[in-house]
Amino acid sequence: MKFDSISILNRRRFLQGAASLAGGAVLATSSSTLTALTAFAQDPPSGCPAPPTGGTHFVPGSDTRPIVLRKSISALSAAELTKLQSAYAALRALPASDKRTWVLQADMHALFCDSCNNLNTDIHGSWSFFPWHRGYLYYYERILGKLVGDMDHFRLPYWDWENIRTLPTPYRSPGSSGNSLWDNKRRPGLAGGGNLPVADGTTARITTLYGLTDFDSFGGDASGGGAVEANPHGTIHVDVGQAANPFEDMGNLGYAARDPLFFAHHGNIDKLWSGWNDLASGAGTSYKNPTSSTFLNLRWSFYDENQNVVSISAADVLDHKDNLRYIYKSPRFVIPPLWLILQCELICCLPDPDPGPWLRVTEQVRETVIQTARASSPVVLVLRGVTLPSGISGNFDVFATRGERRILVGSIGVIAHGDRKEQHAHKPVTLVLDITEAAPDLFLKDKPATLHAYRRIEDQKPGITAKAQKLEEVFQLKAERAEIRVAKR
Ligand code: C2O
């Protein structure tokens, strides 16, 4: 392990601590300063270990364990739940010298997410997102399995938020460190048994996402993130945590994997990808993974259950059943089989009083869209290459606004990366918005509705609101490319 990266990180944190002392002006006894310093002392600056590199290549077919179902947390038997709890307890109890510790494993994620160093290794915001997390969960699952002496049958459970709208009970209750699945850095609402915001991680959202037939829009490409990453992946991260102290775990990629819930959340994200692939049939590229060698040869190193460095490629993880020895029960979603892609442009901006990006389409496209929406058949807007201002994080809701009328069309979850708030630039994201309901407003010839992203106010009820509330608009939506997809009937 190299220590230079650790000292860089610690120094940065130290400087921040010092800055907050100086800038907080004042008395070292001021209680907010004390809180901040105490938190620094207790919490992560264990830093970022150097990433493992190299290692034995994974060989497809070498894992010959039984193929076992990964289950919803709610479907675990009492014995399975006990095993899960014991596995995390054992992980947390490993000596610091071990390569599998809870902290070191969490820091693996921080490292690959660009929170630690200036390494250009961020596996978020690109097509690495799905395969990297699959590989990470695979080795994490093997480690936990080994710790409870059951590598053959232990599999990570997932949090199917589309069905379980609260933080799963075993992960929050009892809410104390005696519970190995508990984490003390979650927002109090969900941590206390509250519900997810109504629009996040719903079956409707999954159905909208499954309307995307190409991997680029769904899972990202070499330089930008796919639609799943921002929502529901990002929105749910931010629902559970925030960018900074005191609830930073799930809300900050630098700490997120310290929360056992991370692995349950990513189990469901992995299942979402798996279910999308299940929709593929026959020739053609619909619902299929990229085939370029640049993608297939992406390779990352991890520690395995024996503390050895191993590496696995994107190609190796695509077949999780045969290669990684787990499956999911595929849910049945009703997906329109064929989608028509219509061109449009996101144009900025109308003159006052409602400046804002609006959608420009041809007369023919307008007709098709309006007819589709009238038939209550889905109309989906795909915005590719959406740029977000550096340093922002949080959940943002996108509304189609016309006069007093505002319709929620989708959300974006932007997770903080470590502590470098100001500097952190975001890679372009893909937004997929359900504009079925807003279509008549968005495609009016005269003064059409405009699209705005607002920082989400925590208690705000999403949905149609008659009155414009005072919302903070933090950035203007801009996209490299816009297209409309309607279900072909
Ligand atoms: Cu690597 Cu959910 O983030």
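You'll find the structure just up there.
Caption draft 1: Quick peek at the packing of helix H4 (residues 102–112) against helix H5 (residues 129–147). Where H4 contacts H5, the axes come no closer than 12 Å and their chain directions differ by 175°. It follows from the interaxial angle that H4 and H5 lie roughly antiparallel. Taking contact as the criterion, the partners of Trp102, Gln105, Ala106, Met108, His109 and Phe112 in H4 are, on H5, Trp132, His133, Tyr136, Tyr140 and Ile143.

Caption draft 2: The arrangement of the pairing of strand E10 (residues 405–414) in detail. Across the ten residues that make up E10, a large majority, nine, are buried. Both strand E9 (residues 394–402) and E10 contribute to a ladder of nine bridges, which runs antiparallel. Looking across to E10, one finds that Asn395 is bridged to Gly413. The antiparallel hairpin formed by E9 and E10 contains two residues in its connecting segment, where Gly403 sits at a positive phi of about 55°.

Caption draft 3: Up close: unusual backbone geometry. Here the amide bond leading from Asn231 into Pro232 is cis, since omega sits at 20°, within 30 degrees of zero. With respect to the helices, strands and loops of the structure, Pro232 is situated in helix H10 (residues 227–240). Even without being glycine, Tyr287 reaches a positive phi, approximately 60°. Mapped onto the fold, Tyr287 is located in the loop between helix H11 (261–278) and helix H12 (293–296).

Caption draft 4: Examining the pairing of strand E3 (residues 299–303) more closely. In terms of residue burial, E3 counts as a mostly covered element, since four of its five residues are buried. Summarising the sheet, E3 and strand E4 (residues 309–313) pair through five bridges and their orientation is antiparallel. Across the sheet, Ser301 pairs through a bridge with Ser311, a residue of E4. Between E3 and the antiparallel strand that follows it, E4, lie five residues; Gln307 among them carries a positive phi value of about 70°.

Caption draft 5: Representation of the packing of aromatic side chains. Considering all chains together, one arrives at 27 aromatic pairs under this definition. Relative to Tyr140, the ring of Tyr88 lies with its centre 6.2 Å away and its plane at 45°, an arrangement referred to as tilted. Here Tyr88 is found in helix H3 (residues 78–92), whereas its partner Tyr140 is found in helix H5, with 52 residues between them in sequence. In this structure Tyr140 comes out as buried when scored by relative accessible area, which is 1%. Considering the side-chain rings of Tyr138 and Tyr139, the 4.9 Å spacing of their centres and the 70° angle between planes classify their relative orientation as edge-to-face. Through pairs of rings, three or more aromatic residues link up here, namely Phe58, Tyr88, Phe112, Trp132, Tyr136, Tyr138, Tyr139, Tyr140, Phe262, Phe263 and Phe302. The ring of Tyr326 carries the charged tip of Arg70 above its face, separated from the ring centre by 3.5 Å. Between the NZ or CZ atom of Arg92 and the centre of the ring of Trp102, over which it lies, the distance is 4.8 Å.

Rules of the game
- Residues numbered from 1 in each chain as written.
- Predicted model: local features only at pLDDT ≥ 70, side-chain atom pairs only at ≥ 80, totals over all residues.
- Heavy atoms only, no water.
- Axes fitted to C-alpha atoms, helices over the stretch in contact; angles between N-to-C directions.
- Helix = DSSP H or I, 4+ residues; strand = E, 2+ residues; numbered from the N terminus.
- Parallel < 35°, antiparallel > 145°, perpendicular 65-115°, else oblique.
- Contact = heavy atoms within 4.5 Å.
- Buried < 20%, exposed > 50% of the residue type's maximum accessible area, 1.4 Å probe, protein only.
- Pairing = 2+ DSSP bridges.
- Phe/Tyr/Trp six-rings, centres within 6.5 Å; stacked < 30°, edge-to-face > 60°.
- Lys NZ or Arg CZ within 6 Å of the ring centre and 35° of its normal.

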